[in-house]
Number of protein chains: 2
Amino acid sequence: MIADVPARPRVRFTDAQIEMAHGAGGKASRRLVEGLIAPAFANPVLAQLADAATFDVGGTRVATTADGFVVRPLRFPGGSIGELAVNGTVNDLAVSGARATALMASFILEAGLPAETLRAEVDAMAGAAARAGVPIVGGDTKVVEHGACDGMYVATFGIGALDARVALDPHAVRPGDRVLLSGPVGDHGITILLARGELDLEADIRSDTRPVWPFVDALIGACGGALRWMRDPTRGGVATALNELARECGLGIVLHEDDVPVRREVRGACEVLGLDPLHIANEGQMLAVVDAAQADDALAAMRGVPGGEDARIIGEIAAQHGGTVLGRTPYGGTRVIDMLVGDPLPRIC
Amino acid sequence: MIADVPARPRVRFTDAQIEMAHGAGGKASRRLVEGLIAPAFANPVLAQLADAATFDVGGTRVATTADGFVVRPLRFPGGSIGELAVNGTVNDLAVSGARATALMASFILEAGLPAETLRAEVDAMAGAAARAGVPIVGGDTKVVEHGACDGMYVATFGIGALDARVALDPHAVRPGDRVLLSGPVGDHGITILLARGELDLEADIRSDTRPVWPFVDALIGACGGALRWMRDPTRGGVATALNELARECGLGIVLHEDDVPVRREVRGACEVLGLDPLHIANEGQMLAVVDAAQADDALAAMRGVPGGEDARIIGEIAAQHGGTVLGRTPYGGTRVIDMLVGDPLPRIC
């Protein structure tokens, strides 16, 4: 309902041309969407700018989401563009409180693409869809000349029915609520960066691409209405997702930086490259905000899901510092953690 | 239901690589979809290979459709990629008997694209969506390096609730049923071809891009259950759409070629280029099959819609020549009209 959407200051998009950063999921992306695209398409559902749009069709409350995938290379340790396309879409629905009912896929293929490459990705999509328990019910195929795309791009669309047990709303977030994270951050982004072979770095690391619905399902079962907000921290990482929440709810977020799990290999690569693991994309993790009284139950539920052993409570909502994310170090220091600025990792998904 | 899908001979995709023809909407496209993509994603909804997929979400019967748009040039007389993306998706739903409830749009943008070009297309989409009475509720934006796409590609997704007044089914088509067409064919494809400026041809012609829902709505009102089948003859044209119907229903289709409206400019360009207007893409026309007893009412209903003045009855369903489309000339001759083969008009939508 439009009455629920707070009046945000109008963003103006004044850049003369599109740059890589507009696709990175950080500040520039947000300016493009809020300043150019959303005003033209103005409607109350879009104005929520959520991972998925929720609206009524014939009396049923549905969630839908659309994603484009342009990752380079097409295959990388732990996954490929096809798996990413399915999991990413299933996950956008999941964190909106909807289990995917059906997916569609639109392929843009480059003339000259080996049929085996396409077959491998179609099979990867079929496998990921089967693991997520969702059928791919339709799609579209276009072909462009050799050189007019990088092998293949995939756009996916997902639809699901909202789970009646939850009512997610960033405006329901309260000071004292806890922030949970399902596992280590940065695996996907760093894997892609290393897989390009442009850096003289090697590390034993794989993309975390996977469906997060099992975490969502466990969380809903454990705390139902005490679950306030969820997000999958993809492009822009945990820092961008939490900044978006801070802006939406108007409260502060205190992050205990040492409680954020980061693999040694990811931390090492980030140090060499001057990157912050909190800005690196994940494709199989989720963030949740729950009432403090339910936080331990919620954490136990996440840890009970296979692959959730490293879930943590990483922070809490604060009445102070509205709209910002503050990192607190074990030495007692604090720093403001911003959204991603620029595009250190292009074409990550 | 899977029991309703006839057993078709299994198609094998043995091509070594993707060629432009695989995106042209004709025989090669069908082989790619039936031989490579659909078997991997195997499920009863996809097996229908219809313009839109229909299934249940939370008890409501919905139709969804996915489309990719890679048209070159981005703007052309009568429209642009943005209008095409909205109308094409709205139309796929319309011919499935569903009025669009919501659209989503996924953009793949090339770094360096002038912001004004994007703004013009976003505005074009907003205008087309407003004319079709449907909100654009969400989407996604990715940016690829300069040279990695042609300015912009757009993937659109649409969802709608099926109109309870109709039950479309190619297997309900009967010998004697009439084939209706909403207006002149070939305008879109020939407009794009000339707009590229690669041919020394000029003609006063514009794309026919428009929503066909008003025709569908009028047809449903006029003949309800007597309406058997609808299709928008885009890539591959009227010939491909009717061949697909002939295959699906197992009956023959007799087309009175002289009754198919073709503008002088389109016919002239086709003659010079050696193309058949029946193979040229349309973006604002529709085909319908109705019971013979209701055909005159159906025609009157289509003609009563603004822009439908040139609607015609162009043929009928026949018990003979199962699976084929026969063109009949006024001199009494006949010819077999095949699906589109190859790709005479790449990147038409």
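Reading the values: the criteria
- Residues numbered from 1 in each chain as written.
- Chains lettered and ligands numbered in written order.
- Predicted model: local features only at pLDDT ≥ 70, side-chain atom pairs only at ≥ 80, totals over all residues.
- Heavy atoms only, no water.
- Pairing = 2+ DSSP bridges.
- Helix = DSSP H or I, 4+ residues; strand = E, 2+ residues; numbered from the N terminus.
- Axes fitted to C-alpha atoms, helices over the stretch in contact; angles between N-to-C directions.
- Salt bridge = Lys/Arg side-chain N within 4 Å of Asp/Glu carboxyl O.
- pLDDT = per-residue confidence, 0-100.
- Contact = heavy atoms within 4.5 Å.
- Buried area = accessible area lost by both parts, 1.4 Å probe.
- Polar contact = N/O pair within 3.5 Å; in protein donor to acceptor, adjacent residues only side chain to side chain.
- Nonpolar A, V, L, I, M, F, W, Y, C, P; charged D, E, K, R; others polar.
- Buried < 20%, exposed > 50% of the residue type's maximum accessible area, 1.4 Å probe, protein only.
- Disulfide = S-S within 2.5 Å.

1. As for the sheet that holds strand S8 (residues 178-181) of chain B
Residues and elements named next belong to chain B.
Reasoning step 1: The strand order across the open sheet formed by seven strands is S9-S11-S8-S12-S10-S13-S14, and the pairing between neighbours is mixed. Pairing within the sheet leaves two strands with one partner each, and these edge strands are strand S9 (227-231) and strand S14 (334-336). Sheet twist, expressed as the mean angle between neighbouring strand axes with direction ignored, is 25°.
Reasoning step 2: By the bridge criterion, four bridges tie S9 to strand S11 (residues 287-290) in an arrangement that is antiparallel. Its bridge partner lying in S11, Leu227 is registered against Val290.

2. Some words on the pattern of salt bridges
Residues and elements named next belong to chain B.
Reasoning step 1: In the structure shown here, the tally under the stated rule is 46 salt bridges over all chains.
Reasoning step 2: Ionic pairing is found between Glu257 and Arg335, a salt bridge with its closest N-O pair at 2.7 Å. Of this pair, Glu257 sits in the loop between strand S10 (252-256) and helix H8 (264-273) while Arg335 is found in strand S14, placing the two residues 78 residues apart along the sequence.

3. What to know about the pairing of strand S12 (residues 312-318) of chain A
Residue and element names in this part refer to chain A.
Reasoning step 1: Bridge analysis of strand S8 (residues 178-181) against S12 gives four bridges, and the strand direction is antiparallel. Paired with Val179 across the bridge in S12 is Gly315.
Reasoning step 2: Pairing geometry for strand S10 (residues 252-256) and S12, over four bridges, is antiparallel. From the neighbouring strand, Ile253 faces S12, where its bridge partner is Ile317.

4. Overview of the confidence of the model for chain A
Close inspection of predicted coordinates is inappropriate in any region flagged by low pLDDT.
Residue and element names in this part refer to chain A.
Reasoning step 1: In the predicted model, chain A carries a mean pLDDT of 93, and the fraction of residues at 70 or more is 97%.
Reasoning step 2: Counting interchain partners and residues more than four positions distant, the pLDDT-below-50 stretch residues 1-6 has six contacts.
Reasoning step 3: Per the prediction output, this complex has pTM 0.93; the corresponding ipTM is 0.93.

5. A short note on the interface of chain B and chain A
Reasoning step 1: On the chain A side, the residues contacting the 75 residues of chain B number 76 residues.
Reasoning step 2: With both chains or domains summed, chain B and chain A bury close to 6100 Å², and 69% of this area falls on carbon and sulfur atoms.
Reasoning step 3: Of all residues in chain B, Ile18, Phe41 and Lys142 of chain B give up the largest surface area on contact with chain A, accounting jointly for 11% of the area buried on that side.
Reasoning step 4: At the surface where chain B touches chain A, the tally comes to six salt bridges.
Reasoning step 5: Here Glu145 of chain B makes a salt bridge to Arg347 of chain A, at a shortest N to O gap of 2.3 Å.
Reasoning step 6: Our enumeration of links across chain B and chain A arrives at 27 residue pairs in polar contact (both at pLDDT 80 or more).
Reasoning step 7: Looking at the side of chain B that touches chain A, the elements that each hand over two or more residues are helix H1 (27-40), helix H2 (44-47), strand S1 (53-57), strand S2 (60-69), strand S5 (98-110), helix H4 (115-132), strand S6 (136-144) and strand S7 (152-162) of chain B.
Reasoning step 8: Among the elements that make up the side of chain B that touches chain A, the one with the highest residue count is S6 of chain B (nine residues).
Reasoning step 9: For the side of chain B that touches chain A, the class distribution of residues is 44 nonpolar, 17 polar and 14 charged.

6. Remarks on the environment of Arg235 of chain B
Reasoning step 1: By the secondary structure assignment, Arg235 of chain B is in the loop between S9 and helix H7 (237-249).
Reasoning step 2: In sequence terms Arg235 of chain B and Ile159 of chain B are 76 residues apart; their C-alpha atoms lie 21 Å from each other.
Reasoning step 3: Sequence-distant contacts of Arg235 of chain B, defined by excluding residues within four places in its chain, comprise Asp140, Thr141 and Lys142 of chain A together with Gly23, Ala24, Gly25, Ala281, Ile348 and Cys349 of chain B.
Reasoning step 4: Within the structure, Arg235 of chain B has its side chain in polar contact with the backbone oxygen of Thr141 of chain A (distance 2.8 Å).

7. Section: the pairing of strand S1 (residues 53-57) of chain A
Residue and element names in this part refer to chain A.
Reasoning step 1: For S1, a buried count of four out of five residues is recorded, marking the element as mostly surrounded by other parts of the structure.
Reasoning step 2: By the bridge criterion, five bridges tie S1 to strand S2 (residues 60-69) in an arrangement that is antiparallel. When the sheet's bridge partners are listed, Phe55 is paired in S2 with Val62.
Reasoning step 3: Between the end of S1 and the start of S2, which pair antiparallel, lie two residues, with Gly58 showing a positive phi angle near 50°.

8. Here we look at the state of the cysteines
Reasoning step 1: One pass over the full model with this rule turns up zero disulfides over all chains.
Reasoning step 2: No disulfide involves Cys149 of chain A; its nearest neighbouring cysteine sulfur is the one of Cys149 of chain B, lying 8.8 Å away.
Reasoning step 3: Of the cysteine sulfurs around Cys249 of chain B, a residue in no disulfide, the closest is that of Cys223 of chain B, at 17 Å.

9. A few points about the sheet that holds strand S6 (residues 136-144) of chain A
Residue and element names in this part refer to chain A.
Reasoning step 1: An order of S1-S2-S7-S5-S6 is seen for the five strands of this open sheet, with the pairing classed as mixed. In this open sheet, the two edge strands, each paired with only one partner strand, are S1 and S6. Direction aside, the axes of adjacent strands within the sheet are offset by 25° on average.
Reasoning step 2: Relative to S6, strand S5 (residues 98-110) runs parallel, the two sharing eight bridges. Each residue of the ladder has a partner; that of Ser106, found in S6, is Asp140.

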